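# Inside the fold
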Amino acid sequence: MNDTIDNPQFSIAAIQMNSQQNIESNLADIQSAIIDAKSQGAELVVIPENCCSMGQQFATAERFDALSATMADYARTHGIYLLAGSLPCPYRPDGAVVPDGRLRQVSQLFAPDGTRVARYDKIHLFTATVADKQGSYNEAATFEPGTQTIVAPLESGSSVYQLGMMVCFDLRFPALAQRLRQAGADILSAPSAFTYLTGQAHWSLLLQARALDSQCMVIGAAQGGDHRYKDGNARQTWGHTAITAFDGRVINSHDSSELTSSTASETNKGYAVVMASLDKQAQVQGQQKLPIFDCHRLA
């Protein structure tokens, strides 16, 4: 019998972007990246945190429903699962307006027929002092933390894979990755916008650590490069989008903060595509050989 039938594999694309504050331009890059990834066989496309705009959270939140509908349309048009990084949202999952003038940071999964499969509201909000131009970060001033973990199904032929959803700063919390695995996750999505300095120090380590903690594949789709704000300020993100296997191996990565092509003959794009395939059979065998979740005494 054909090995691809005995052991189906699930093809995934992680997209690196350099989103600015022009939403329409960012949407054009997202659609181009989806088309490119689909042409390479991707069944799931993961785009970064703040995919539609870096900064301008409240203005972007006013367009949450319309932008979500656009993402759904992209998934339907191109016949892929789309993990729409994150969008700022003015209301909670139950429809209640977020109090205190804050928002939720929302990651959404859309199916190939355009239906929304899942909504995850970022639980851990970035709080740090960093030796960059901004100096300090306090996401809680803008966002209310989510309260629910989410694992959602991805159907491919006769196979079903389970996606555990995270966003950026969530990567620093091993208990979340472990809880998602305990809830059945095979894959963890981590759309992100790490600062240049924190990313340089910890990004790759965190992706590998969470893969080892959970024994799941981890998809790190990142913002990278300089983001110039309309108020004259700027922010620099680390990029280095990567996909890490259950055993901590980096399967594939874009080893740069910038999107610039490696050769002058290539046309520079507004994105980079990192491809990998999940071999679930190999992952399950690895989990069985090192059954850490059978041995865990503190979770």
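Quick caveat, the model's predicted, so the values are computed rather than measured.

## What about the pattern of salt bridges?
In this structure the tally under the stated criterion is 13 salt bridges. One salt bridge connects aspartate 36 with lysine 269, and the closest N-O pair in it is separated by 2.8 Å. Of this pair, aspartate 36 sits in helix α2 (residues 23-39) while lysine 269 sits in the loop between β15 (250-253) and β16 (271-279), and the two are 233 residues apart along the sequence. Using a relative accessible area of 13% as the deciding quantity, one classes aspartate 36 as buried. Aspartate 247 is the partner of arginine 249 in a salt bridge, and the nearest nitrogen-oxygen pair spans 2.8 Å. Among the residues examined, arginine 249 registers a relative accessible area of 48% and is labelled partly exposed. Note on aspartate 247: relative accessible area 32%, which makes it partly exposed. One salt-bridge network, held together by shared partners, links Arg92, Arg104, Arg119, Asp121 and Glu144.

## Focus: the packing of α2 against helix α4 (residues 64-78)
One way to put it is that α2 packs onto α4 with a least axis distance of 11 Å and a crossing angle of 20°. Comparing the axis directions of α2 and α4 gives the class roughly parallel. For the crossing formed where α2 meets α4, the hand is right-handed. Between α2, through Ile23, Leu27, Ile30, Gln31, Ile34, Ile35 and Lys38, and α4, the contact on the second element is made entirely by Leu67, Thr70, Met71, Tyr74 and His78. The residue inventory of the contact of α2 with α4, partitioned by class, reads 8 nonpolar, 3 polar and 1 charged.

## Some words on the sheet that holds strand β3 (residues 81-89)
Sheet strands pair via backbone hydrogen bonds, and the direction of the pair is either parallel or antiparallel. Read from one edge to the other, the open sheet built from 6 strands follows the order β5-β4-β3-β2-β1-β16, with strand pairing classed as mixed. Edge positions in the open sheet fall to β5 (116-121) and β16, since each of these has one partner strand only. Here the average twist between neighbouring strands, direction ignored, is 20°. For strand β4 (residues 104-110) and β5, the ladder comprises 5 bridges, and the chain directions are antiparallel. Residue pairing for β5: serine 107 is matched across the bridge by tyrosine 120. Where α4 meets the sheet, it contacts β2 (44-47), β3 and β4, and its direction lies at approximately 175° from that of β3.

## Some words on helix α6 (residues 196-214)
Look at α6: 26 Å from first C-alpha to last across 19 residues, which is about the 27 Å you get at 1.5 Å a residue. Of all the bends in α6, the greatest, near 50°, is centred on histidine 202. Those residues of α6 lying buried are Thr198, Gly199, Trp203, Leu206, Leu207, Arg210, Ala211 and Ser214. Close packing links the buried residues of α6 with α5 (174-182), β10 (187-189), β11 (217-220), β13 (234-238), β14 (242-244) and α8 (292-295). Downstream of α6 by one or two residues, glutamine 215 has phi in the positive range, about 55°.

## Observations concerning the sheet that holds β14
On the basis of which strands lie adjacent, the open sheet formed by 6 strands has the order β8-β9-β10-β11-β14-β15 and mixed pairing. Two strands close off the open sheet at either side, each with one partner strand: β8 (151-156) and β15. Between one strand axis and the next, the sheet turns by 20° as a mean value, whatever way the strands run.

## Observations regarding the confidence of the model for the protein chain
Across the protein chain, the average pLDDT comes to 94, with 95% of residues at or above 70. Below a pLDDT of 50 lies the segment residues 1-5, which in the model reaches 1 contact outside its immediate sequence neighbourhood of four places, other chains included.

## Quick word on the pairing of β2
Covered by surrounding structure in β2 are Leu44 and Val46 together with Val45 and Ile47, the residues of both alternating faces. With 3 bridges connecting them, strand β1 (residues 9-17) and β2 associate as parallel partners. Looking at the pairing, isoleucine 12 lines up with leucine 44 of β2. Each parallel crossover has a hand, and for β1 linked through α2 to β2 it is right-handed. Inspection of the sheet shows β2 paired to β3 by 4 bridges, in the parallel sense. Bridging across to β3, leucine 44 finds its partner in tyrosine 81.

What counts, and where the lines are drawn
Numbers given for residues are sequential positions, taken from 1 along each chain in its written order. Residues qualify for local features only when their pLDDT is at least 70, as the model is predicted, and side-chain atom pairs are given and counted only at 80 or more; totals for whole chains, interfaces and linings, by contrast, use all residues. Heavy atoms throughout the structure, all of them, feed into the side-chain values; hydrogens and water do not. Each salt bridge in this description consists of a side-chain nitrogen of Lys or Arg and a carboxyl oxygen of Asp or Glu lying within 4 Å of one another. Counting from the N terminus, the helices are the DSSP runs of H or I reaching at least four residues and the strands are the DSSP runs of E reaching at least two. Only protein chains enter the calculation, and the probe is 1.4 Å; a residue is then buried if its accessible area is under 20% of its type maximum, exposed if over 50%, and partly exposed in between. Inter-axis angles, ranging from 0 to 180 degrees, are taken between N-to-C directions of lines fitted to C-alpha atoms, where helices are fitted over the stretch in contact. Comment on the angle field: the value is read as roughly parallel under 35 degrees, roughly antiparallel over 145, roughly perpendicular from 65 to 115, and oblique elsewhere. Left-handed describes a crossing in which the near helix is turned anticlockwise from the far one by less than a right angle; the clockwise case is right-handed. Contacts were defined at the residue level, with two residues in contact if any of their heavy atoms lie within 4.5 Å. When residue character is reported, Ala, Val, Leu, Ile, Met, Phe, Trp, Tyr, Cys and Pro are called nonpolar, Asp, Glu, Lys and Arg charged, and the others, Gly included, polar. In this scheme, strands are said to pair when DSSP sees at least two bridges between them. Here the expected span of a helix is defined as 1.5 Å times the quantity of residues minus one. Fitting axes to the seven residues that end at a residue and to the seven that start at it, the angle between those axes gives the bend at that residue. A residue's pLDDT is the predictor's confidence in that residue, given on a scale from 0 to 100. When the strands point away from the viewer and the path from the first strand over the helix to the second turns clockwise, the crossover is right-handed.

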